[in-house]
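# Tertiary structure, described
Residue strings, one per chain:
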Amino acid sequence: AAGVIQSPRHLIKEKRETATLKCYPIPRHDTVYWYQQGPGQDPQFLISFYEKMQSDKGSIPDRFSAQQFSDYHSELNMSSLELGDSALYFCASSPVAPRPQETQYFGPGTRLLVL
Amino acid sequence: DAKTTQPPSMDCAEGRAANLPCNHSTISGNEYVYWYRQIHSQGPQYIIHGLKNNETNEMASLIITEDRKSSTLILPHATLRDTAVYYCIVRVSFQGGTSYGKLTFGQGTILTVHP
C-alpha cells in the first residue's frame, strides 16, 4: 500500500539558511499534518491543512510557514534556521473518509541538522 | 484534549502478552482513545483506536473500561520487533468541516521485549 512520502530524508543546513521540506500524502487523503520531534522529545504538532486550507496551528515559529497545494502535497518552509530547529520533522495524512474517526498515517520523517 | 498518564517503561518476554495501561480520567464523551507506537526514530505507527467498546485488529486489542477513564492496549504475542515507545492519545474527533485531528503526544511507555 502507498505510504506518505517525505523529501528529503536528511538535510544539513547552516544557521540562518532556509529549508523546504516536502510531504506527499497517501492518495485520496485530503488532510496533512506536520510534527516536529526534537532529540529525546515526543512529537509536537506544528500545523495542519484540510482541503488546502490551514485547519489548525500549534507551536510553529513565525519563521516557519507551510501550505498545501492543489494536488494535496504540502511544503514546510523554514527560514532563518537556528540550531534548535535540528529535529525530525514528520508529516502525516488522513483520509477523506471515514469521519469522524480519522486516522493519521505518518511518513518516515525528514531529519534536519542545523550547524 | 484530555491528558493521559502512562508508565514510563515496561518489559515483556517474547511470545508473551504485553499489556500497556493508560489513564485518561478527564476524557470527554466525544473523545476517542488512540494508540500509536514509534520504533526508534521512525514515523509513529497507528495501532488501534476506540470510543467505548473494546476493539481488536490484526495488531492489537484495546480494552476500554466502562467509565472510559482508563484503557489497556494488549499485544497478544509480543516479538522483539514490538520494542518501541507506545503512545496513548485522547483526542476529539473530526467535527463539521474542520479537522481537529492534531495528535498530542505525551510521554509514552517504552516497551522493551526481551528474548
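Scope of this entry: the structure provided in the associated data block. Please read all numbers here as calculations on a predicted model, not as lab measurements. (Residues numbered from 1 in each chain as written. Chains lettered and ligands numbered in written order. Predicted model: local features only at pLDDT ≥ 70, side-chain atom pairs only at ≥ 80, totals over all residues. Heavy atoms only, no water.)

Attention shifts here to the overall build of chain B. A count of helices and strands for chain B gives zero helices and nine strands. Written out in order from the N terminus, the α and β elements of chain B read β-β-β-β-β-β-β-β-β. For a compact globule of 115 residues, the expected C-alpha radius of gyration is about 13 Å, and chain B comes in at 14 Å, within 12% of that figure. Dimensions along the principal axes, computed over C-alpha positions, put chain B at roughly 45 × 30 × 25 Å. Every one of the 115 residues in chain B was classed for burial, and the buried ones make up 46%. Contacts in chain B between residues at least 24 apart in sequence constitute 59% of all its contacts with a sequence separation of at least 6. Across chain B, 9 positive and 9 negative side-chain charges occur, with their mean positions spaced 5 Å apart. (Helix = DSSP H or I, 4+ residues; strand = E, 2+ residues; numbered from the N terminus. Rg over C-alpha atoms; globule rule 2.2 N^0.38 Å. Buried < 20%, exposed > 50% of the residue type's maximum accessible area, 1.4 Å probe, protein only. Contact = heavy atoms within 4.5 Å. Lys, Arg positive; Asp, Glu negative; His and termini not counted. Charge placed at Lys NZ, Arg CZ, Asp CG, Glu CD.)

Residue and element names in this part refer to chain A. Of all nine residues in strand E9 (residues 87-95), nine are buried, a share of seventy percent or more. The alternating pattern of E9 places Ala87, Tyr89, Cys91, Ser93 and Pro95 on one face and Leu88, Phe90, Ala92 and Ser94 on the opposite face, and all of these are buried. Note that strand E4 (residues 29-37) and E9 share eight bridges and pair antiparallel. Following the sheet pairing, Gln36 is matched in E9 by Tyr89. Pairing between E9 and strand E10 (residues 105-106): two bridges, direction antiparallel. Within E10, the position partnered with Ser93 by the bridge is Tyr105. (Pairing = 2+ DSSP bridges.)

Right, let's talk about the pattern of salt bridges for a bit. Residues and elements named next belong to chain A. Tallied over the entire structure, the rule returns six salt bridges over all chains. Among the ionic pairs, Glu75 bridges to Lys22, the shortest N-O distance being 4.0 Å. Remark: Lys22 occurs in strand E3 (residues 19-24) and Glu75 occurs in strand E8 (residues 74-78); sequence separation between them is 53 residues. Exposure remark for Glu75: the relative accessible area of 14% places this residue in the buried category. Across the pair Asp85 and Arg63 runs a salt bridge whose closest N-O atoms are separated by 2.9 Å. With a gap of 22 residues between them, Asp85 in the loop between E8 and E9 and Arg63 in the loop between strand E6 (53-57) and strand E7 (64-68) connect regions that are remote in the sequence. (Salt bridge = Lys/Arg side-chain N within 4 Å of Asp/Glu carboxyl O.)

Next up on the list: the sheet that holds E3(A). All names here are of chain A. With respect to topology, four strands assemble into an open sheet ordered E1-E3-E8-E7, the strand pairing being antiparallel. For this open sheet the edge positions go to strand E1 (5-7) and E7, each flanked by a neighbour on one side alone. Neighbour-to-neighbour, the strand axes of this sheet turn through a mean angle of 15 degrees, independent of strand direction. Note that E7 and E8 share five bridges and pair antiparallel. Looking across to E8, one finds that Ala66 is bridged to Leu76. (Axes fitted to C-alpha atoms, helices over the stretch in contact; angles between N-to-C directions.)

A word on the sheet that holds strand E7 (residues 70-75) of chain B. All names here are of chain B. The strand order E2-E7-E6-E5 describes an open sheet built from four strands, whose pairing is antiparallel. Strands at the two margins of the open sheet, each flanked by one partner only, are strand E2 (18-23) and strand E5 (55-56). Across four bridges, strand E6 (residues 61-64) lies against E7 in antiparallel orientation. Along E7, the bridge assignment pairs Ile64 with Ser71.

Turning next to the interface of chain A and chain B. Every contact between the two is made by 23 residues of chain A and, on the other side, 24 residues of chain B. The junction of chain A with chain B conceals about 2000 Å² of combined surface from both sides, 52% of it contributed by carbon and sulfur atoms. Our count for the chain A to chain B interface comes out at one salt bridge. For Lys102(B), the salt bridge goes to Asp56(A), with nearest N and O atoms at 4.0 Å. If you look at where chain A meets chain B, you find five residue pairs in polar contact (both at pLDDT 80 or more). Counting only elements with at least two residues in the side of chain A that touches chain B, the list comes to E4, strand E5 (44-50), E6 and E9 of chain A. The element that contributes the greatest number of residues to the side of chain A that touches chain B is E4(A), accounting for four residues. Looking at the side of chain A that touches chain B, its residues break down into ten nonpolar, eight polar and five charged. (Buried area = accessible area lost by both parts, 1.4 Å probe. Polar contact = N/O pair within 3.5 Å; in protein donor to acceptor, adjacent residues only side chain to side chain. Nonpolar A, V, L, I, M, F, W, Y, C, P; charged D, E, K, R; others polar.)

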